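# Structure at a glance
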Amino acid sequence: MKQAKDYIIFPLDLPSAGDARHYIGLLSEHVGMFKVGLELFIRSGPEVIKIIRDMSKAGIFLDLKLHDIPATVSRAMESIAELGVNLTTVHCGEEKEMLKAAVAGSAGKVNVLGVTVLTSVSAFDIQKAGFENQYCTDITKLVLKRAETAKDAGCAGVVCSGLEAKMIKNALGKEFLAVTPGIRPAWSLNKKDDQQRVTTPAAAIKNGSDYLVIGRPIRDAKDPVSAAVLTAEEIRSALQ
Ligand code: C5P
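Attention in this report is confined to the structure presented alongside it. (Residues numbered from 1 in each chain as written. Predicted model: local features only at pLDDT ≥ 70, side-chain atom pairs only at ≥ 80, totals over all residues. Heavy atoms only, no water.)

Under the 1.5 Å per step criterion, the end-to-end length of helix H4 (residues 70-82) is 19 Å for 13 residues, consistent within 8% with the ideal 18 Å. After H4 finishes, the residue Gly84 shows a positive phi value of roughly 70 degrees. (Helix = DSSP H or I, 4+ residues; strand = E, 2+ residues; numbered from the N terminus. Expected span 1.5 Å × (residues − 1).)

Written out as structure tokens, the structure reads:
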């Protein structure tokens, strides 16, 4: 049975494998999954996946947000699949073929998530990038369009904001995973950073998010373990 802490994905957004070890040691019992992103993977490579596996029973999310021609994405995904991780990502981007190639490369060994629209992106950014007016006035339309493409291509789910999880679940079904970053608990809401489309853990859970990526509010807390425990408590209440 999935416990409240299992909803928490902690990103190891850290400069070295040594720092990663520190946080894995601290948080192993308090989160469901560790996420390895570009910063740490470029520095430490597949070794860091082994470190997590040796130190923890938590799941592993290798978040490399691939975006390239289909042949390259497919071969990169074959290599990711060999690492034995639970979740990984590809940008939804412009073409379904790239997403299909990612799913084919994964060969069913890892769940592929499509990244819809980064939670650091605002409607104004979309407008500046030259998107059609309908997407600038309602960014959720673009998120839904990309999520539909990801589902058609065979992805297991998407990365979206907690504000959009309900819409995606309603449109694409309960089984289609909604993984939501941009989580800001009430106790950290006053700290302004690069995230734009933010939600509290409780709101994301009520909207049907399957996993919450929560980094800086835990990493930069005076006591990261207490911050993770507090987050799990909020999740538990929202699930009731
Ligand atoms: O909670 P915090 O903002 O620190 O989380 C940052 C993490 O969320 C980073 O690892 C970043 O890659 C991830 N993220 C994501 N998708 C987004 C926005 C952020 O995976 N749309």
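Moving on: the packing of aromatic side chains. Each pair of aromatic rings is reported with the distance of its centres and the angle of its planes. Inspection of the entire model under this criterion finds two aromatic pairs. Each ring, one from Phe10 and one from Tyr23, has its centre 5.7 Å from the other, and the planes form 25 degrees; the classification is stacked. Placement of Phe10 in strand S1 (residues 8-11) and of Tyr23 in helix H1 (residues 17-27) is noted, with a sequence separation of 13 residues between them. For the pair shown, Phe10 and Tyr23 are each scored as buried. When the centroid spacing of 6.5 Å and the interplanar angle of 90 degrees are considered together, the rings of Phe10 and Phe34 count as edge-to-face. Of this pair, Phe10 sits in strand S1 while Phe34 is found in strand S2 (residues 33-36), placing the two residues 24 residues apart along the sequence. Accessibility classification places Phe10 together with Phe34 in one group, the buried group. These aromatic residues form a ring-pair network of at least three members: Phe10, Tyr23 and Phe34. We note Lys2 situated over the ring of Tyr7; from NZ or CZ to the ring centre the distance is 4.0 Å. A cation sits over an aromatic face here: Lys2 above Tyr211, 4.1 Å from the ring centre. (Phe/Tyr/Trp six-rings, centres within 6.5 Å; stacked < 30°, edge-to-face > 60°. Buried < 20%, exposed > 50% of the residue type's maximum accessible area, 1.4 Å probe, protein only. Lys NZ or Arg CZ within 6 Å of the ring centre and 35° of its normal.)

Turning our eyes to something else, we now look at the sheet that holds S1. Within the closed barrel, the eight strands sit side by side as S1-S2-S3-S4-S5-S6-S7-S8. Their pairing is parallel. Taking each pair of neighbouring strands and ignoring which way they run, the sheet shows an average axis angle of 25 degrees. In terms of strand pairing, strand S3 (residues 59-66) meets strand S4 (residues 87-91) through three bridges, oriented parallel. Paired with Leu66 across the two strands is Val90, which belongs to S4. (Pairing = 2+ DSSP bridges. Axes fitted to C-alpha atoms, helices over the stretch in contact; angles between N-to-C directions.)

Where burial is concerned, most of S3 is hidden: seven out of the eight residues are buried. Where S2 lies against S3, four bridges are found, and the strand directions are parallel. From the neighbouring strand, Val36 faces S3, where its bridge partner is Leu62.

Right, let's talk about the packing of helix H8 (residues 139-152) against helix H9 (residues 165-172) for a bit. Two numbers describe how H8 lies on H9: the axes approach to 10 Å, and their chain directions differ by 40 degrees. Here H8 lies oblique to H9, going by the angle between them. For the pair H8 and H9, the crossing hand works out as right-handed. Each of Thr140, Val143, Leu144, Ala147, Glu148 and Lys151 in H8 lies in contact with H9, whose residues at this interface are Met167, Ile168, Ala171 and Leu172. (Parallel < 35°, antiparallel > 145°, perpendicular 65-115°, else oblique. Left-handed = near helix turned anticlockwise from the far one by under 90°. Contact = heavy atoms within 4.5 Å.)

Our focus in this paragraph is the environment of Glu94. Looking at the secondary structure, you find Glu94 in the loop between S4 and helix H5 (96-106). A residue is classified by how much of its surface remains accessible, and Glu94, at 67% relative accessible area, is exposed. Side chain to side chain, Glu94 and His67 meet in a polar contact 3.3 Å long. (Polar contact = N/O pair within 3.5 Å; in protein donor to acceptor, adjacent residues only side chain to side chain.)

Here the focus is helix H3 (residues 47-55). Those residues of H3 lying buried are Val48, Ile49, Ile51 and Ile52. The buried side chains of H3 occupy one side of the element, clustering within an arc of 160 degrees when seen end-on. Summarising the contacts, the buried residues of H3 are in contact with H1, S2, helix H2 (38-44) and S3. (Arc of directions from axis to C-beta.)

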